[in-house]
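Listed below, chain by chain, are the residues.
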Amino acid sequence: MKVLAFNSSPRMKKGVTDKILQTFMSGAKSAGAETETVYLVKKNIKYCSGCFNCWFVHPGKCIHVDDMLEIRNKIKEADLIVFGSPVYFDGFTAQMKTMLDRLIAGGMPFIQVRDGHFRHPSRGGEKKVRKMLLISTCGFGEKDNFDPIIQHMQAIARNFATGEYMGALVRPVGSTLEMLQDENPEGVKGVLDAFYQAGVDAVSKGVISDELQEAVSAPLIPLKEFMERANKMFQTMISEKQASQQN
Ligand SMILES: Cc1cc2nc3c(=O)[nH]c(=O)nc-3n(C[C@H](O)[C@H](O)[C@H](O)COP(=O)(O)O)c2cc1C
């Protein structure tokens, strides 16, 4: 089984997205999967220009010659695609959205009805089902910050001719995984263990239970306390930066 992950955080390996994504991928690998992570920031991916040449002029071929051909080939081979993205203004990062838009070259213009909804067929009439999983983190504390990105992920899976939504592993107040490492090591370990187990189960069982999807979001600190500590830290950071600029 091939598990292909995209990490669309511009902070790449320094970010929270990568911490939780790689923990999941280690679990997947331990269960026998072949795993690969694509860091979208490192790739040359131009914006879709909306010209539809890929549908009508050179079917299946985009006017842009960049890394998308390689990415489309990787997607074709994958059994599970993991979309790793932090929440940026309530949705996917621009890097992820730019990549997603360019997948239009893999579809055809014709309209068909699938599950009672207009859809485009995939080019080549592919039958292979690809599971799709969202892994995300955000700065705020409420879980509803993920509602728009989860809905978007579900819609993308329905839109893909051969896509199947597998679930969402979302981690609010992602910074607490670092911040509370020494204060609440058991809590942090519990969250990361749940990401790891989700990787194991995704490969060995083909599903991630609701319990595990809940466990990765488990609160590690009362939100009011987090807010007060974060605001104090931000104020100190601003004062220190300004003082250093004046000297
Ligand atoms: C441009 C930008 C927009 C953001 N928008 C949101 C947001 O709408 N809601 C939220 O809770 N966090 C938001 N955040 C915080 C990030 O989701 C958070 O810092 C996350 O840890 C970043 O992931 P990374 O560490 O993998 O880079 C935003 C951060 C940036 C830089």
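So, here is what we can say about the structure in this document. (Residues numbered from 1 in each chain as written. Predicted model: local features only at pLDDT ≥ 70, side-chain atom pairs only at ≥ 80, totals over all residues. Heavy atoms only, no water.)

Looking at helix 3 (residues 68-77)
So, step 1. Taken together, the buried positions of helix 3 are Met68, Ile71, Arg72, Lys74 and Ile75. Around the axis of helix 3, the buried residues are gathered within 160 degrees of arc, so they sit on the same side.
So, step 2. On its buried face, helix 3 sits against strand 1 (2-7), strand 2 (34-39), strand 3 (80-86), helix 4 (94-101) and strand 6 (130-137). (Buried < 20%, exposed > 50% of the residue type's maximum accessible area, 1.4 Å probe, protein only. Helix = DSSP H or I, 4+ residues; strand = E, 2+ residues; numbered from the N terminus. Arc of directions from axis to C-beta. Contact = heavy atoms within 4.5 Å.)

Things to note about the sheet that holds strand 3
Backbone hydrogen bonds hold the strands of a sheet together, and the pairing may be parallel or antiparallel.
So, step 1. Taken together, five strands build an open sheet; the order of strands is 2-1-3-6-7 and the sheet is parallel. Here the strands that pair on one side only, and so sit at the sheet edges, are strand 2 and strand 7 (163-171). For this sheet, the mean angle separating the axes of adjacent strands, direction not counted, is 20 degrees.
So, step 2. Relative to strand 2, strand 1 runs parallel, the two sharing six bridges. Counterpart to Val3 in the pairing with strand 2 is Thr35.
So, step 3. Taken strand by strand, helix 1 (residues 16-30) contacts strand 1, strand 2, strand 3, strand 6 and strand 7, and its axis lies near 165 degrees from that of strand 2.
So, step 4. Of the strands in this sheet, strand 1, strand 2, strand 3 and strand 6 are in contact with helix 3, which crosses strand 1 at around 140 degrees. (Pairing = 2+ DSSP bridges. Axes fitted to C-alpha atoms, helices over the stretch in contact; angles between N-to-C directions.)

Geometric values such as these leave the question of function open.
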